Structure formats: C-alpha cells, structure tokens
Amino acid sequence: MDDNSGRLTRDGIRIYEAADFAGMHKAGKLAAEILDRIAEHIQPGQTTQAIDKLITDWVEEAGATSATIGYRGYQHASCISVNHVVCHGIPGDKVLKDGDILNIDVTVIVDGWFGDTSRMYVAGKLSRKAERLIQVTHDALMKGIEAVRPGRTFGDIGFEIQTYAEAQRMSVVRDFCGHGLGRVFHAPPNVLHYGRPGTGPVLEEGMFFTIEPMVNLGRPETKVLADDWTAVTRDKSLSAQFEHSVGVTSAGAEIFTLSPAGLFHPTYG
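Model, not experiment: these values are computed from the prediction.

Moving on, we get to the sheet that holds strand β13 (residues 222–224). One open sheet accounts for three strands, arranged β5-β14-β13; its pairing is antiparallel. Since the sheet does not close on itself, it has two edges, and those belong to β5 (85–87) and β13, each with one partner. Between one strand and the next, the sheet's axes are offset by a mean angle of 40°, whatever the strand orientation. The pairing of β13 with strand β14 (residues 231–233) spans three bridges and is classified as antiparallel. The residue of β14 that forms the bridge with Thr222 is Thr233.

So, on to unusual backbone geometry. Pro189 follows Pro188 through a cis peptide bond whose omega is 10°. Assignment of secondary structure puts Pro189 in strand β10 (residues 187–191). Despite not being glycine, Lys236 shows a phi value in the positive range, around 65°. We classify Lys236 as exposed; its relative accessible area is 58%.

The next thing to look at is the pairing of β10. Two strands pair when backbone bridges link them, and strand β9 (residues 178–180) and β10 are joined in this way by three bridges, in the antiparallel orientation. Within β10, the position partnered with Gly180 by the bridge is Ala187. Count of turn residues in the β9/β10 antiparallel hairpin: six residues.

Our next topic: the packing of helix α1 (residues 20–38) against helix α2 (residues 48–61). In helix packing, the relevant descriptors are the interaxial angle and the interaxial distance, both defined with respect to the helix axes. The contact between α1 and α2 brings their axes to 10 Å, and the two run at 140°. By the angle between their axes, α1 is oblique relative to α2. Relative to α2, the crossing made by α1 is right-handed. Where α1 approaches α2, its residues Ile34, Arg37 and Ile38 are matched on the opposing element by Ile51, Leu54, Ile55, Trp58, Val59 and Glu61. Taken together, the residues of the contact of α1 with α2 break down into seven nonpolar, no polar and two charged.

This part covers the sheet that holds strand β12 (residues 214–216). Sheets are built from strands paired through backbone hydrogen bonds, the pairs being either parallel or antiparallel. In spatial order, the strands read β8-β12-β15; together these three strands make up an open sheet with antiparallel pairing. The sheet is open, and its two borders are formed by β8 (171–172) and β15 (239–241), each paired with just one other strand. Lying over the sheet, helix α3 (residues 128–146) contacts β12 and β15, oriented at roughly 35° with respect to β15.

A separate point is α2. Its 14 residues give α2 an end-to-end C-alpha distance of 20 Å, which sits within 8% of 20 Å, the value for a rise of 1.5 Å per residue. Every buried residue belonging to α2 is among Thr48, Ile51, Asp52, Ile55, Trp58 and Val59, and all of these are buried. Taken end-on, α2 shows its buried residues confined to a sector of 125°, consistent with a single buried face. Exposed and oriented more than 90 degrees from the buried face of α2 are Glu60 and Glu61. Of the surrounding secondary structure, the elements contacted by the buried residues of α2 are α1, β3 (65–66), β4 (79–82) and β6 (101–110).

Procedures and definitions
Residues numbered from 1 in each chain as written. Predicted model: local features only at pLDDT ≥ 70, side-chain atom pairs only at ≥ 80, totals over all residues. Heavy atoms only, no water. Pairing = 2+ DSSP bridges. Helix = DSSP H or I, 4+ residues; strand = E, 2+ residues; numbered from the N terminus. Axes fitted to C-alpha atoms, helices over the stretch in contact; angles between N-to-C directions. Buried < 20%, exposed > 50% of the residue type's maximum accessible area, 1.4 Å probe, protein only. Parallel < 35°, antiparallel > 145°, perpendicular 65-115°, else oblique. Left-handed = near helix turned anticlockwise from the far one by under 90°. Contact = heavy atoms within 4.5 Å. Nonpolar A, V, L, I, M, F, W, Y, C, P; charged D, E, K, R; others polar. Expected span 1.5 Å × (residues − 1). Arc of directions from axis to C-beta.

Below, the structure written as structure tokens:
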C-alpha cells in the first residue's frame with residue numbers, strides 16, 4: 001500500500017500528522033488484544049500451528065487483515081519463535097514442552113494502518129535463567145523507549161538497549177532490527193538495538209517505528225535455517241524479544257501496542 005501522508009526527512013523517514021496517531025492506536029490495540037487473548041492457550045502439549053490458527057481466526061473475526069500472510073511468500077498470521085529461535089519462527093507441528101519460552105509476533109492492518117507487536121510467553125514452569133532473560137529483554141525495550149524524544153538520535157536508542165543488556169552479561173542480536181511503519185509494513189529507518197549516542201538520524205515528532213530488541217543468553221550471532229525464515233542463535237543459547245510500535249511526540253514516545261489487559265510481560269508483573 002502506498003503511503004503519501006506527511007513529509008519525508010532527508011533520511012527518507014516519513015513524518016506523520018497528529019491525526020494519524022489515532023489510526024496507529026487502533027491497529028496497535030487490535031494486535032495487542034490478540035496477544036492478550038492467546039496467553040491462556042500457551043500450555044505444554046499445544047502446537048505452534050494451533051496457536052497460529054487461533055490468531056488467524058481472531059484477525060479475520062475483527063475484520064482486519066494479517067500483514068504477514070502472503071508477505072514474501074509467508075503463509076501464517078504470526079511468527080512463533082521457541083527457545084533458541086531468535087525470530088521468524090514458522091508455526092507448525094512443534095509441540096510445546098514444559099518450560100519452553102516463546103515469542104509471538106503479530107502484525108495486523110486496520111483501515112490501512114499497521115499494528116506490529118511481539119511479546120514473550122512461557123509454557124508451564126519458567127526456569128530461573130529464562131525468567132531473567134525475559135526480564136532483561138523487557139527492560140531493555142523499555143529503556144530504548146525511554147530514550148525516544150525529539151532531538152535525540154536512533155543511536156541513543158540502540159545505546160541504551162545495548163549497554164543495559166550487556167551490563168547483565170547478555171548479548172544483543174545485530175542481524176535484525178526495528179523499522180519504520182505506518183501505512184506500510186516496513187519503511188526507513190532501520191532501528192538498531194545497539195549503537196553510539198548521538199549517531200544516526202535525529203528523532204522528530206511524527207515518526208512511527210518499532211523497537212524490538214532480541215537478547216541472547218549467549219553470544220549475539222545468528223543463522224537462518226534452510227526454510228529462509230527461521231533465525232536461531234548459533235550457539236543454541238536461549239533468546240528473547242519484546243516489540244512495541246511507537247510514535248514520537250513532543251514529550252517522548254507514545255506506545256501504540258500497549259496490552260489492554262496488562263499482559264505484555266509473561267509474569268504479568
């Protein structure tokens with residue numbers, strides 16, 4: 001879908017109008033509500049395919065469109081990434097086991113606007129090391145969001161995420177990043193989750209983008225499997241990810257994908 005609203009910066013980043021925030025909130029809310037609803041279905045014995053089928057049905061029931069079905073040949077309404085899968089896990093016949101952690105990523109289109117969010121879940125009992133990884137990843141995302149305000153840079157966002165995660169002796173994945181969105185799925189800029197303060201494009205009011213750090217218990221390197229989608233940690237270490245879609249306001253960041261039920265964190269704390 002073409003996006004001709006607002007203006008473009010010299011870096012090719014679209015600046016949206018104040019009225020456009022409402023459309024992003026509507027799309028973001030639906031994506032977040034779907035992830036709220038799926039929480040009770042994440043249990044040992046469940047397959048990732050069955051989870052995706054529920055999500056597909058709920059997107060359709062809402063009168064929305066899945067942004068991922070048909071995207072570059074992808075055929076599912078969600079990406080479900082279990083344990084050492086970093087991102088882009090394809091739903092299938094994999095059965096969840098007790099203690100598995102998983103990221104579910106959903107993007108919906110509502111009235112032409114894209115709502116993109118992901119969060120972590122646990123099947124059964126959460127191990128201590130997985131719990132700590134999830135907490136650090138969640139907090140790294142929030143520190144990145146706190147860095148958002150006009151006049152700062154995208155390098156500032158990445159720096160806050162990277163320094164926090166590495167201080168906890170974890171690593172930040174460099175092979176994947178956040179992205180601009182709005183009336184298109186992916187647009188400039190690339191939102192890196194590492195970086196140096198004061199580098200990269202300057203944040204301006206009206207920018208819309210995702211922040212979605214992937215943090216590993218081991219090393220940051222990843223590899224993509226033969227299906228050309230599934231990315232895993234090279235050292236088989238656990239990986240976690242959280243994602244919000246945000247808009248830049250005069251005061252900072254407005255989050256479009258807040259959980260209406262307060263379930264964004266898997267321990268609901």
